[in-house]
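# A structural walkthrough
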Amino acid sequence: MALALAVRAADFAELARHGLFGSLAFREYLRRTEAGLRALRGQGVEVHLRVFEPADYEDYCEAFGLDPGSAGARVAYAADPELAGEPFVYGGERLTELLPVLADDHRARVRISIACAALLDAVGDDPSGHARLVAVMHHVTSVYLALAEGAGEGGHLLTLRCHGPEDGEHLTAAADVRTDGGHLFVGGRDAEAFCATLAAGVALGGAGALLLHAAPPTPGGQVVRGWALAAGRLRPMAVREVVDALADDAALGVPFPPGAVPLPGFPLPAPPGAPSSSDAEPWPGGASSGPGDLGPEGGESLR
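The following refers to the structure shown. The numbers attached to residues start from 1 for each chain and follow its sequence in the written order. Selection of residues for local features in this predicted model requires a pLDDT of at least 70, selection of side-chain atom pairs for listing and counting requires 80 or more, and totals for whole chains, interfaces and linings are taken over all residues. Hydrogen atoms and water are omitted, and side-chain values are computed over all heavy atoms in the structure.

### Points about the packing of aromatic side chains
Classification of ring pairs uses Phe, Tyr and Trp, with its six-membered ring standing for Trp, and accepts pairs whose centres are within 6.5 Å; under 30 degrees between planes counts as stacked, over 60 as edge-to-face, and the remaining range as tilted. Per the stated rule, a full pass over the model turns up 13 aromatic pairs. Residues Tyr60 and Phe64 carry aromatic rings whose centres are separated by 4.8 Å and whose planes lie at 45 degrees to one another, so their mutual orientation is tilted. Residue Tyr60 and its partner Phe64 are located together in helix H3 (residues 54–64), separated by four residues, close to a single helical turn. A relative accessible area of 14% places Tyr60 in the buried class. Ring-pair connections join several aromatic residues into one group, and the members of that group are Phe12, Phe21, Phe26, Tyr29, Phe52, Tyr57, Tyr60, Phe64 and Tyr77. In our convention, an over-ring charge means Lys NZ or Arg CZ found within 6 Å of a ring centre and within 35 degrees of that ring's normal. Above the face of the Tyr77 ring, Arg50 is positioned so that its terminal group lies 4.0 Å from the ring centre. Counting from the N terminus, the helices are the DSSP runs of H or I reaching at least four residues and the strands are the DSSP runs of E reaching at least two. Partly exposed describes any residue whose relative accessible area lies between the buried limit of under 20% and the exposed limit of over 50%, with all areas from a 1.4 Å probe on protein chains only and scaled to the type maximum.

### Here's the deal with the environment of His170
You can see His170 is positioned in the loop between strand S4 (154–163) and strand S5 (171–180). Residue His170 is classed as buried on the basis of its relative accessible area, which comes to 18%. Each C-alpha atom, one on His170 and one on Gly208, is 9.5 Å from the other, the two residues being 38 residues apart in sequence.

### A short note on the sheet that holds strand S1 (residues 2–5)
Across the sheet, which stays open at both edges, the three strands sit in the order S1-S2-S3 with mixed pairing between neighbours. Only two strands of the sheet have a single neighbouring strand rather than two, namely S1 and strand S3 (88–89). Note that S1 and strand S2 (residues 48–51) share four bridges and pair parallel. Among the inter-strand pairings, Ala4 is bridged to a residue of S2, identified as Arg50. Seen against the sheet, helix H2 (residues 26–42) touches S1 and S2 and runs at an angle of roughly 160 degrees to S1. Against the sheet, helix H5 (residues 95–123) contacts S1, S2 and S3, and its axis sits at roughly 70 degrees relative to S2. Strands pair, by our definition, only if DSSP identifies at least two bridges between them. Pairs of residues are marked as contacts when any of their non-hydrogen atoms sit within 4.5 Å. Axis geometry follows a simple rule: fit a line to the C-alpha atoms, using only the stretch in contact for helices, then measure angles between N-to-C directions, giving values from 0 to 180 degrees.

### Section: unusual backbone geometry
Comment: phi is negative for the bulk of residues other than glycine, and the bulk of peptide bonds are trans. With a phi angle near 55 degrees, Ala231 is a residue other than glycine that sits in the positive phi range. Mapped onto the elements of the fold, Ala231 is located in the loop between strand S8 (222–230) and strand S9 (233–236).

Everything listed here is a matter of geometry and, on its own, says nothing about what the molecule does.
Right under this line is the structure:
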């Protein structure tokens, strides 16, 4: 069974204008929804959840000619097969614990969809575009694994901002990565969103900034390493650039680490067939620009 769930009181109020919840208040809606979810799970029914987002729902109804106040529209929206990635399965959690997790999952899904659209537009849909897509994804996978290996033991945070060379859409992503006893534990849907966003940035050949926040700070401070994305390649930043990138991230919702120790990034895999000089043509296409061109304007919160 599929269910669209309003996760914020403001969203609930917007949706209630369509008469979807009768006279229920938000708290009572959550209480009844939780009881229903637990009853279904007790009967062995697997419930797939998605965020009931007002603007997205209204756009969906308009696109398919549905009455947003009808039960049929609500069911169709909840069961939309175009929802990115694997389903979010209800596991018996209390809704007070589940709602923030579901909201984070929704944000990651949106980032995946936006990044994939930008990526596919950049590589094209002809046979050569398919080959470029495979090459970009192989490269991004190797970069992600190199970041995790270079970060070492413990839990770390990756943040990424990038956009295309010609007023391209501002893409952001953040993901946790953890290595324990030499074993890598990836960050679920956030890791998917991070890789898709990096792939879009590589393919677009625009400007970008990638930061690796090391495990929780020691008495010596928290190490933060940085890379600049330009011309489809990641190069280690200078210390001053890392500080500037941290300030830009802070404007997008990532707290500036107290006692941060900014350091250049370590070497990362180069794209296959990429030129070695920094002023070479972008790979696979686009104009070269540096991290200083990428400000926080127009971006969303990274976390």
